[in-house]
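Commentary on secondary and tertiary structure
Each chain is listed here by its residues.
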Amino acid sequence: MSEGHRPDPSVTAVGDADATRDAAAESRGHWSTRAGFILAAVGSAVGLGNMWRFPYVTAEGGGAAFVLFYIAVTFIMGIPIMMGEFAIGRNTRLSPIGAWRKIGGRAWVPFGYLFVLTGLIILGYYSVIAGWVARYALGALFAGFPAEAGEHFNQIATGAPAIAFHIGFMALTIAIVMGGVEKGIERASLLMMPTLFVLIVGLAVWVSTMSGSGQGYAFYLTPDFGELLRFDILAEATAQAFFSLSLGMGALLTFSSYLGKKQSLGQEAGIIAFADFGVAFTAGLLVFPIVFALGLQGAIGESTVGALFIALPSGFATIGTLGRVLGAVFFIALFIGALTSAISLLEVVTSSIIDEKGVSRRTAAIGAGVIIGLLGLWPATNLDALNAMDVVAGQVFLPLGGLAVAIFVGWVMKDPLEEVMQGMRPSARPWMVAWRWLLRIAAPVFLVLVLWTTVPAGWEAVRALFGD
Ligand code: PHE
């Protein structure tokens, strides 16, 4: 499935780099195949955000009308900003902090730190949720789902079990990142992502045969255009797109720093966004039919966490063995998605430490992983903290990081067109000119409006956490 072409280590093509930097870039990892890079990036994008949050916000935000809007946001905001991250990463061959410093100067370095901080925060709670997912998958395989789903969740999601599974998940993530770009991340992605696709599509086909699933599709996809007139829904869709596409915190910037010059950044961004949306949409096609077939409609109004970890398992518990198999496949798929996303989050921090401190990958991955492991103790023992971390990082820091990328590539970076045109046909140039104008004007205006509504929400979440 791969083309097997090696990205040329064309450090010298950068021309102006000095000898030491050449040597450093030379020793950096790189993707050995095009499919490896694409699947790693898709692996970063596809995760808990697609498989649970997307169907959920869609159902709440107006069904098919929301889906159409989400596609528009992905095209107008997501793909261009992803290409912006790619342009910075591939041009500098550095992780975020060094990349901003190299082509932006000192004034932009704080955004590099913001990216790393965002990675720390997101992985801190993401790993906790992934730990729950692992616990549910193992439970389905070896014990079945208990009828007392709410109580079961409380046991799993707080205290020692939550901490233990969080630490275990971090250890696994560290082990893969320690393996390096080619032998760790690429290999894991080549193995896991196709598995995930098969599981998800298989589940979607299977649940379509369950009686009562029709109502699920209707609930998921009936368009309600009224909801779209609310700006908070638009802002929510944008934040969701950023989270789902892993934008605004340097994950894709870092991945593209291991890329050669032959690949078309536009084409890769399109493929990644399409795959991410495809999985999110398919997830909706399996979650809602299950919910309706098992008579769990009442749970839809609950918190997203409640519906995923309480309502769904309680439904699985009512249908015995079938529920166990269904549940096991579902939670295994979710686990794979979470793991490949976590890898990219840890890679941002690890790669930054390697570039900044000159330590080995092993030391950097373990150091970063331990810090995140400790940070995660908080959300592992406090669900309000988990929620606040999600709101602040997901709704505020990611759009803010995206805004920085848009302004930087649009206005500050010297000749981003030249970078992005490498690997593209000359006829693509007018499109790339349009791309730059999108980043210059449309993206910043829109993202400022989004932040206008999400910053107060983030502030509120923090106040609620510390307020009492
Ligand atoms: N995109 C991942 C998901 O949808 C989460 C993520 C966000 C990963 C930001 C990396 C960076 O679950």
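Fair warning: this is a prediction, and the values are worked out from it, not measured in the lab.

Here's the deal with the pattern of salt bridges
- Applying the stated rule across the entire model yields eight salt bridges.
- Note that Glu-236 and Arg-53 form a salt bridge whose closest N and O atoms lie 3.9 Å from each other. Placement of the pair is Glu-236 in helix α12 (residues 231–244) and Arg-53 in helix α4 (residues 48–61), with a sequence separation of 183 residues.
- One salt-bridge network, in which partners are shared between bridges, spans Arg-90, Lys-261 and Glu-419.

Concerning the nonpolar core
- If you look at the biggest cluster of nonpolar residues, it comprises 159 residues, and the most contacted ones within it are Trp-132 and Phe-331.
- Per-element accounting of this core gives the leading share, 18 residues, to helix α7 (residues 109–142).
- Counting five residues, the second largest nonpolar core, distinct from the first, contains Ala-385, Val-391, Ala-461 and Leu-465.

Comments concerning the site of the ligand
- What surrounds the ligand is a group of 14 residues, the closest being Ala-45, Leu-48, Gly-49, Tyr-126 and Phe-243.
- For the ligand, a nitrogen atom lies 2.9 Å from a polar atom in the backbone of Ala-45.
- In isolation the ligand offers 330 Å² of accessible surface; the protein chains occlude 100% of this area.
- Elements that contribute at least two residues to the shell around the ligand include exactly α3 (34–45), α4, α12 and α16 (320–357).
- A breakdown of the residues in the shell around the ligand according to their chemical character gives six nonpolar, eight polar and no charged.

About the cut-offs
- Residues numbered from 1 in each chain as written.
- Predicted model: local features only at pLDDT ≥ 70, side-chain atom pairs only at ≥ 80, totals over all residues.
- Heavy atoms only, no water.
- Salt bridge = Lys/Arg side-chain N within 4 Å of Asp/Glu carboxyl O.
- Helix = DSSP H or I, 4+ residues; strand = E, 2+ residues; numbered from the N terminus.
- Core = buried A, V, L, I, M, F, W, Y, C linked by side-chain atoms within 4.5 Å.
- Buried < 20%, exposed > 50% of the residue type's maximum accessible area, 1.4 Å probe, protein only.
- Near = heavy atom within 4 Å.
- Polar contact = N/O pair within 3.5 Å; in protein donor to acceptor, adjacent residues only side chain to side chain.
- Areas by Shrake-Rupley, 256 points an atom, 1.4 Å probe, with all protein chains shown as cover.
- Nonpolar A, V, L, I, M, F, W, Y, C, P; charged D, E, K, R; others polar.

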